[in-house]
Amino acid sequence: MTVRRDEGRDAVSETENVLTTADEGLGGKDTEELGGQRAGQVPEGAGFDLKVDVPHPARMYDYFLGGKDNFPADRKTAEQVLGVFPNSRIVVRQNRLFMTRTTRYLAAEAGVRQFLDIGTGIPTSPNLHEVAQDVAPDARVVYTDNDPIVLAHARALLASTPQGRTAYIDADLRDTRRILTAPELHDTLDLTRPIALSLIAIFHFIPDGDDPYGIMRRLVDLLPSGSYVSLTHLTADFDPAMREVERAYLTSGVPMHLRTRAEVERFFEGLDLVEPGLQVVHHWRPELADPAETTPAGDGATSTDPASRVKAIPLSELTDAQVSIYGAVGYKP
């Protein structure tokens, strides 16, 4: 492998309203095109069994970020995680900032105009397409997730610029055949031109028994030469308490598999790492950060809201142990 040098209110009632809107037409705009998909069409495979009694990683992630699209089971497990690793909110925030920086790099410096984001999560502005289309209004983005609450919010993910396009695939990362053959993918992206594949904080939910490296290989094989892969992955390399996080997820029925640096590097086999290579995410090109994303609104340092307090922590004060998630961008020659 080489390093490439150039380059709240209870969510139940809120979600019920969203689901009603989704059934009637995403955003209620029956005749409007949203990202190339008719607003009244729910993506193929949609089902709205939210399983509110079972914690889901996307909704827990939303809770860590201070969102409201989560349920008691999600909050309970998230609080258990915070009990054993109080820096968990820092992890998810820095992970998200890595996503925005890498997307900005890929659109602005690498010139990528097509993105496939698998493991999208609940929409939180700026979404990937907002970052990419802020740089390149003609950028095209396909989102993929398997959580029905994400599907319910798909109208936010389909709000493309007029010049660009977005689409949504309801699928699990492990179902690569469903993703790679989805009409939404082939109707939105040109698979003969470079694509940026985004796999942010998803592979640590795939145990070894599900062949994570095989999944990665099948996805990368789809990509044409000149494409990129952006990936993050939790680790216990810097703080053993992360193993307690792993246990908390597993005890609640959520798969979790932390990996070492060497194990994370395996995901990039056959790819050239873009400088500065595999890093704890807050070290990856911090100069690409948007000041609006790193400056808290109001006095975050004295806020009683935990998510706001995390926003107020200067990047220079963060340690690898607090962040505990690797990230890198790989280039396919």
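Refer to the structure presented above.
First, a word on what this report is: a plain description of the structure on this page. (Residues numbered from 1 in each chain as written. Predicted model: local features only at pLDDT ≥ 70, side-chain atom pairs only at ≥ 80, totals over all residues. Heavy atoms only, no water.)

Things to note about the overall build of the protein chain
Working step 1: Each helix and strand in the protein chain was counted, giving 15 helices and eleven strands.
Working step 2: For the protein chain, with 333 residues in total, the buried portion stands at 54%.
Working step 3: Working note: accessible area of the protein chain is about 13,700 Å², and carbon and sulfur atoms make up 49% of it. (Helix = DSSP H or I, 4+ residues; strand = E, 2+ residues; numbered from the N terminus. Buried < 20%, exposed > 50% of the residue type's maximum accessible area, 1.4 Å probe, protein only. Areas by Shrake-Rupley, 256 points an atom, 1.4 Å probe, with all protein chains shown as cover.)

Observations concerning empty space enclosed by the protein
Working step 1: Looking at the largest cavity, its volume works out to about 40 Å³.
Working step 2: As for the largest cavity, its lining consists of Met99, Thr102, Thr103, Leu106, Phe115, Leu128, Ala196, Ser198, Ile200 and Ser230.
Working step 3: At the level of secondary structure, the elements contributing two or more residues to the lining of the largest cavity comprise α4 (88-108) and β7 (196-199).
Working step 4: Counting residues per element, the lining of the largest cavity draws most heavily on α4, which supplies four residues. (1 Å grid on protein atoms, 1.4 Å probe; cavity = no way out; pocket = protein on both sides within 12 Å on 5 of 7 lines; lining within 4 Å. Points joined across faces, edges and corners; volume = space filled by probe spheres on them.)

Thoughts on helix α3 (residues 72-84)
Working step 1: Look at α3: 19 Å from first C-alpha to last across 13 residues, which is about the 18 Å you get at 1.5 Å a residue.
Working step 2: Along α3, the residues that are buried comprise Ala73, Asp74, Arg75, Thr77, Ala78, Val81 and Leu82.
Working step 3: Residues of α3 that are buried make contact with α2 (57-64), α4 and α11 (242-251). (Expected span 1.5 Å × (residues − 1). Contact = heavy atoms within 4.5 Å.)

Quick word on the environment of isoleucine 202
Working step 1: Mapped onto the secondary structure, isoleucine 202 falls in the loop between β7 and α10 (212-222).
Working step 2: Along the sequence, isoleucine 202 and threonine 232 sit 30 residues apart, while their C-alpha atoms lie 7.6 Å from each other.
Working step 3: Apart from residues no more than four positions distant in its own chain, isoleucine 202 is found in contact with Ile118, Gly119, Leu173 and Thr232.

Quick look at the side chain of glutamine 114
Working step 1: In this fold, glutamine 114 is placed in strand β4 (residues 114-118).
Working step 2: Here glutamine 114 falls in the buried class, since its relative accessible area comes to 2%.
Working step 3: With sequence-adjacent residues up to four places away left out, glutamine 114 is seen in contact with Arg140, Thr188, Leu189, Asp190, Arg193, Pro194, Ile195 and Ala196.

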